[in-house]
Amino acid sequence: MVTPPAPLPKRPVARPAYRTAAPKRIEHHISPVTFTLMTAAPAVLAIVALRPR
């Protein structure tokens with residue numbers, strides 16, 4: 001009877017060297033809601049303040 005060959009010893013597999021994540025740059029975006037309020041509020045206040053009485 002023929003015996004199967006001995007299994008090959010498992011070699012450790014080198015893990016890939018991941019780089020650390022680069023720090024995200026802070027993006028200075030203004031939200032559309034904030035932009036709308038900042039542009040519309042002065043006009044609304046001017047209309048209210050300057051309306052004829």
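Counting restarts for each chain, with residues numbered from 1 along the sequence as it is written. Selection of residues for local features in this predicted model requires a pLDDT of at least 70, selection of side-chain atom pairs for listing and counting requires 80 or more, and totals for whole chains, interfaces and linings are taken over all residues. Side-chain measures here rest on the full set of heavy atoms in the structure, leaving out hydrogens and waters.

Peer 1: It is not clear to me how the overall build of the protein should be interpreted in this structure. Could you clarify?
Peer 2: The numbering of helices and of strands both runs from the N terminus, where a helix is a DSSP run of H or I of at least 4 residues and a strand a run of E of at least 2. A count of helices and strands for the protein gives one helix and zero strands. Restricting the calculation to C-alpha atoms gives the radius of gyration, and the globule rule supplies 2.2 Å times the number of residues raised to the power 0.38. Compactness check: the protein gives a C-alpha radius of gyration of 34 Å against a globular reference of 10 Å for 53 residues, more than 25% above the reference. In terms of its C-alpha atoms, the protein occupies a principal-axis envelope of roughly 110 × 25 × 5 Å. The proportion of buried residues among the 53 residues of the protein is 0%. Looking at the protein as shown, the accessible area adds up to about 6500 Å², and 68% of this sits on carbon and sulfur atoms. Buried, partly exposed and exposed residues are distinguished by accessible area as a fraction of the type maximum, computed with a 1.4 Å probe on protein chains only: under 20%, between the cut-offs, and over 50%, respectively. All accessible-area figures derive from a Shrake-Rupley calculation using a 1.4 Å probe, and residue coverage is judged against the displayed protein chains alone.

Peer 1: Can you help me understand helix H1 (residues 32-50) in this one?
Peer 2: The α-helix advances 3.6 residues per turn, and as a result positions three or four apart in sequence lie on the same side. Expected span, for any helix, means 1.5 Å times one less than how many residues it has. Given a rise of 1.5 Å per residue, 19 residues ought to cover 27 Å, and the 27 Å separating the end C-alpha atoms of H1 matches this to within 8%. Each residue is assigned a bend, namely the angle between axes fitted to the seven residues that terminate at it and the seven residues that start at it. The largest bend along H1 measures about 30 degrees and falls at Ala40, with the proline Pro42 one to four residues further on.

Peer 1: Looking at this structure, how should I read the environment of Leu45?
Peer 2: Its place among the elements puts Leu45 in helix H1. We classify Leu45 as exposed; its relative accessible area is 59%. The spacing of Leu45 and Arg25 is 20 residues in sequence and 37 Å in space, taken between C-alpha atoms.

Peer 1: It is not clear to me how the environment of Val48 should be interpreted in this structure. Could you clarify?
Peer 2: Tracing the backbone shows Val48 in helix H1. For Val48, a relative accessible area of 48% translates into the label partly exposed. For the pair formed by Val48 and Lys24, sequence separation is 24 residues and the distance between their alpha carbons is 44 Å.

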